[in-house]
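What the coordinates show
For reference, the chains in residue letters:
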Amino acid sequence: MHNLVPTLIELVRPLPPLTYLAPVGLQPGVRVRVKIRNSATWGVVLGHDPNPPKAQLKPVEAVLDPFPLLPPKLEELLRFAAGYYGCGLAHLTAICLPQVVQADWQTPVSETQRLCDLRDAGDWQRLMELGDAWHRNELSLPSLFHRRELRGAGLTEVCRTSLAHPAKVNATQGRVLANLEAAGGFMLETALLQAAKVSASVLGTLEKHGLIERVRRLDLMSQKREDLVHKDVLLNAEQCQATHAVGLDTFGVHLLYGVTGSGKTEVYLELAERVLAAGKRVLWLVPEIGLTPRLLARLEARFPGRVAVGHAGLNATEKQADVVRLLKDEAPLFLGVRNAVLAPLRNIGLIVVDEEQESSYKSEEHPRIHARDLAIKRGQIENCPVVLGSATPSLESWHAAQTGRYKLLLLTERPAGSFMPVVQVVDLRECYKIARKKVVFSPLLLKASKDTLERGEQVMLLLNRRGFENFWMCRACGRTLDCPHCSVSLTYHKGAYRLRCHLCGWETAPPEVCIHCSAEHLRGVGEGTEQIEDQLEELFPAARILRLDRDTTQRRGSLEAGLLAAENGEVDLLVGTQMLAKGHNFPKLTLVGILNADLGLKISDFRAAERTFHLLTQVAGRAGRAELSGRVILQTYNPEHPAIVHAVAQNFIGFAEAELPYRQGMGYPPFAAMSLYRSEGETPEAAIEPLRQLKAKLMTLPGLRILGPLEAPVARVKDRYRMQLILKAAARSTLSEALQLAPLNPAGPITLDRDPISFGV
Ligand code: ADP
Ligand code: ZN
């Protein structure tokens, strides 16, 4: 490499940008491989460094991209996100472009020149021009991403390996290799077998010799094949109205509000069809992709071969394949979860965010982006409509729709043949008085469960607490058994016979006597799902019971498999945590029991009521179908609580009208914006000091309310003390100013969570 100049590079490490020597004229946004303290990593070029440090500079190891690969509008979104969330561009780039996506420098750009020739000549100017043309679709570089690709879901693809063509192969093998090579190195297995007129065993032989490879993609499609038949639906009046209210050529945010099954997806599909017909792309976000095989099937049926899927669970090759398809503009509809909001899609004409209230859209690790919020920003940059859909919208979006910032689209018609389940409330205080002890299953719920099972129908029981018992307490000294590393109590898991910390994973065998006072009076308090399962096995020995919670669904795909088994009627009694709310279609489920509706209300978080309302409404909505009437029994110690009252009535608007004035009075979102700064240290003092300094810097900023610094709700995790500082302001821009006034040091002790949604831990 010649003509090296000091260049600022941001690494995918928690460090400030560093200066390396890199070719002059290198474009910002290009990825480079570098070494830091002798370990290899990569980073993104920020630009020329006019004031390089005096120390001897290392050259970059390699330039990875011939030009910035991300579409310019996505770059703009990244710059916004980096500034807004106070995180580095490199960390965001890592989300857009998995590291496996590598451009091929051998790609020809003319009869005589390859990309690497321009690189070796130091002609970065020309490379930049080529990149611009490529982004404008004026230049196609078919082999820029030469690695194997997969097309369509659930299909096997055959690719040629790098092994040289052997001198001697038999005729059938030769036909396979010739066909593959003619097709550019990869083909669908079915197409290849047809073209080469060979049987699959030939592929087996070639694979054994290492000449080809067969790649199979996670088959989400196989589960519900019959849905693949696309049925034309005639949109009803409200659906028509909704689709026409969305202006397709301009930015606007729309909140599509309608109960599950009211036809929201049909509205998205109709809009998507129009957008695709106009030659633009659709970005479609869902909270959890593993649970939407049916949606995927509907999409594939409606837009065959045009859908790409971003899946958190896919392996690197699969992820790469989809990103590559996007970069090559081969899949105009991209379906994905949170991070897909940063997918390298160009020319977007519509962004859909389904179940917009779901907390999984917010990342709980660095960079802490909120996909719904970034989707709106992206719509603004792309100048296209954004449709947020929900049966129970977030109060943020609802408020925005009420005040006219978003357009509200209503679907009020209940789907044909469906109806509201009957909800009965059981006051656990009354049960306690009668039984003179704590009641887990009220007589009403027990009787209803028994009757339901006897009719051969399904029961679902929700308890939003896993483990066997919530914590162990000594009746002699009153103290609890806590994690030695965190300030939380340990949870008893009977199956494993362990006491476990749900924060750090520390575990121990349960002691015989109290570790504080040596009394033999330890007892568990507060039942969890594991204990409920035990009790149910005794109560209903003949029932097929399935428990779904974080302990039983650790293996990838096990939650989906469990829900599917339940949907297929292979389970009589389903017990679990909030995961149960994720299932969609339980034809035989007619009784939903909520064992303790109040558990979520105790968490010290201003969104506790909202979350409880969402969960209860969602779970209650699972009961009953057209043919079988549904029933919900909700047990609570707080029957008067607004979240419970409105969940019982399945009345979202009523809940919003009760909750919003409270938020306003307390100055909580959506009436204020918040930033949560956290700091950790070996001692409480070490943790709090950086936050004190931060506060001092921010004191002068007008319009800012500063709360703290004080202990985080869980004051110690993994032996580290945790402190927090909360900023509140009427406008988000004030919090951006705060961030500019006191920028975070990526290597420093403070982390920022903007628009935090979880305060409890
Ligand atoms: P949501 O997304 O609100 O849960 P869907 O769009 O999935 O609702 O609709 C639920 C079911 O009703 C689907 O099977 C869908 O095909 C069907 N459906 C929706 N709208 C219509 C309509 N106008 N005519 C006939 N069937 C419809
Ligand atoms: Zn712990």
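As the structure is a prediction and not an experimental result, all values here were calculated from the model.

What counts and how
- Sequence order sets the numbering: in each chain, residues are counted from 1 along the sequence as written.
- Chain letters and ligand numbers both follow the written order, the letters beginning at A and the numbers at 1.
- Where totals are concerned, whole chains, interfaces and linings use all residues; where local detail is concerned, this predicted model gives features only for residues with pLDDT of at least 70, and gives and counts side-chain atom pairs only at 80 or more.
- The basis for every side-chain value is the complete set of heavy atoms in the structure, and neither hydrogens nor water enter the calculation.
- Pairing between two strands is assigned when DSSP locates at least 2 bridges connecting them.
- The numbering of helices and of strands both runs from the N terminus, where a helix is a DSSP run of H or I of at least 4 residues and a strand a run of E of at least 2.
- Whenever a helix is involved, its axis is fitted only over the stretch in contact; in every case the axis is a line through C-alpha atoms, and angles between N-to-C directions fall within 0 to 180 degrees.
- It only takes one pair of heavy atoms within 4.5 Å for two residues to be counted as in contact.
- Small angles under 35 degrees read as roughly parallel and large ones over 145 as roughly antiparallel, with 65 to 115 read as roughly perpendicular and the rest as oblique.
- Two aromatic rings, drawn from Phe, Tyr or Trp (for Trp, its six-membered ring), form a pair once their centres lie within 6.5 Å of each other, and the interplanar angle then sorts them: stacked below 30 degrees, edge-to-face above 60, tilted otherwise.
- Remark: exposure states derive from per-residue accessible area (1.4 Å probe, protein chains only) relative to the maximum for the residue type, with buried under 20%, exposed over 50%, and partly exposed in between.
- Comment: the charge-over-ring label is applied if NZ (Lys) or CZ (Arg) is within 6 Å of the ring centre and within 35 degrees of the ring normal.
- Residue ranges labeled as domains rest on an automatic or database domain assignment.
- Put simply, a residue is near a molecule or strand once any heavy atom of it comes within 4 Å of that molecule or strand.
- Only the protein chains shown count as cover for residues, and all accessible areas are computed by the Shrake-Rupley method using a 1.4 Å probe.
- Residue polarity follows a fixed list, in which Ala, Val, Leu, Ile, Met, Phe, Trp, Tyr, Cys and Pro are nonpolar, Asp, Glu, Lys and Arg are charged, and the others, Gly among them, are polar.
- For Na, K and Ca the donor cut-off is 3.2 Å; for every other metal, N, O and S atoms count as donors within 2.8 Å. Water does not enter the count, which can leave sites looking incomplete.
- Angle rules define the geometry names used: all angles between 85 and 135 degrees makes four donors tetrahedral, while opposite donors over 155 degrees apart and all other angles between 65 and 115 make four donors square planar and six octahedral, leaving every other case irregular.
- When a carboxyl oxygen of Asp or Glu lies within 4 Å of a side-chain nitrogen of Lys or Arg, that pair is called a salt bridge.
- Throughout, a crossing is termed right-handed when the near helix is turned clockwise from the far one, and left-handed when it is turned anticlockwise from it by less than a right angle.

**Overview of the sheet that holds strand β24 (residues 573-576)**
- A sheet is described by the order of its strands in space; here 6 strands give the open sequence β16-β26-β25-β17-β24-β23, paired in parallel fashion. Two strands close off the open sheet at either side, each with one partner strand: β16 (422-427) and β23 (545-548). The average undirected angle you get between the axes of adjacent strands in this sheet is 15°.
- Those strands touched by helix α18 (residues 608-620) are β17 (458-462), β25 (589-594) and β26 (631-636), and its axis lies near 170° from that of β17.

**Description of the packing of α18 against helix α20 (residues 652-666)**
- With their axes 11 Å apart at the nearest point, α18 and α20 run at an angle of 170° to one another. Between α18 and α20, the angle falls in the class roughly antiparallel. Packed against α18, whose contacting residues are Ala609, Glu610 and Phe613, the element α20 presents Phe652, Phe655, Glu659 and Arg663 at the interface.

**Here we look at the packing of aromatic side chains**
- The full count for this structure, using the stated rule, is 14 aromatic pairs.
- Ring geometry for Phe67 against Trp134: centres 5.6 Å apart, planes inclined by 50°, an arrangement best described as tilted. One end of the pair, Phe67, is in the loop between β5 (62-63) and α1 (72-85); the other, Trp134, is in helix α4 (residues 124-135), and 67 residues separate them in sequence. There is no split in this pair, since Phe67 and Trp134 are both buried.
- Aromatic pair Trp105 and Trp124: ring centres 6.2 Å apart, planes at 90°, arrangement edge-to-face. Within this pair, whereas Trp105 is found in the loop between α2 (89-96) and α3 (115-120), its partner Trp124 is found in helix α4, the two being separated by 19 residues in sequence.
- Overall, the relative accessible area of 11% leaves Trp105 in the buried class.
- Aromatic ring contacts, followed pair by pair, group Tyr257, Trp398, Phe613, Phe652 and Phe655 into a single cluster.
- Between Arg31 and the ring centre of Trp42, over which it is positioned, the NZ or CZ distance is 5.9 Å.

**Some words on the domain arrangement of the protein chain**
- Under the domain assignment used here, the protein chain contains domain 1 (4-69 + 103-135), domain 2 (155-217), domain 3 (237-411), domain 4 (422-468 + 527-660), domain 5 (470-523) and domain 6 (673-754).
- On a C-alpha basis, the centres of domain 1 and domain 2 stand 37 Å from each other.

**A short note on the site of ligand 1**
- Within the structure, ligand 1 sits among 15 residues, and Gln239, Gly261, Lys264, Thr265 and Arg298 are positioned closest to it.
- Relative to its unbound accessible surface of 550 Å², ligand 1 loses 69% to contact with the protein.
- In terms of residue count, the dominant contributor to the shell around ligand 1 is helix α9 (residues 264-277) (3 residues).
- Across the shell around ligand 1, the residue classes tally to 4 nonpolar, 7 polar and 4 charged.

**Observations regarding the coordination of the zinc ion (ligand 2)**
- The coordination sphere of the zinc ion (ligand 2), as far as protein atoms go, consists of Cys483 (SG), Cys486 (SG), Cys501 (SG) and Cys504 (SG), spread over 2.3 Å.
- Geometry at the zinc ion (ligand 2) is tetrahedral, judged from its 4 donor atoms and the angles of 106 to 113° they form at the metal.
- Every donor residue of the zinc ion (ligand 2) comes from the same chain, spaced as C-x2-C-x14-C-x2-C. Of this pair, Cys483 sits in the loop between β18 (469-474) and β19 (491-493) while Cys504 sits in the loop between β20 (498-500) and β21 (507-508), and the two are 21 residues apart along the sequence.
- Looking at Cys504, the relative accessible area reads 25%, which means it is partly exposed.

**So, the pattern of salt bridges**
- In this structure the tally under the stated criterion is 40 salt bridges.
- Of the charged contacts, one joins Glu273 and Arg302 as a salt bridge, the two residues approaching to 2.6 Å between their closest N and O atoms. Linking Glu273 in helix α9 with Arg302 in helix α10 (residues 293-302), this pair joins segments that are 29 residues apart in sequence.
- Of the residues examined, Glu273 reaches a relative accessible area of 37% and is grouped as partly exposed.
- The shortest N-O distance in the salt bridge between Asp753 and Lys362 comes to 2.6 Å. Of this pair, Asp753 sits in strand β30 (residues 750-754) while Lys362 sits in the loop between β13 (348-353) and α12 (371-382), placing them 391 residues apart in sequence.
- The exposure class of Lys362 is buried, given its relative accessible area of 2%.
- Within this structure, Glu266, Glu270, Glu273, Arg274, Arg298 and Arg302 form a network of salt bridges that share partners.

**Structural notes on the packing of helix α8 (residues 237-245) against α9**
- Close contact between α8 and α9 brings their axes to 10 Å; oriented N to C, the two are set at 40°. It follows that α8 is oblique to α9 by the angle criterion. Crossing hand, α8 versus α9: right-handed. Residues Gln239, Ala242, Thr243 and His244 of α8 form the contact with α9, whose participating residues are Glu266, Val267, Glu270, Leu271 and Arg274.

**Description of the pairing of β24**
- The two faces of β24 match: Leu573 and Val575 on one face and Leu574 and Gly576 on the other face are all buried.
- Alignment of β17 against β24, held across 4 bridges, turns out to be parallel. Within β24, the residue paired with Leu461 across the bridge is Val575.
- Relative to β24, β23 runs parallel, the two sharing 4 bridges. What sits directly across from Ile545, in β24, is Leu573.

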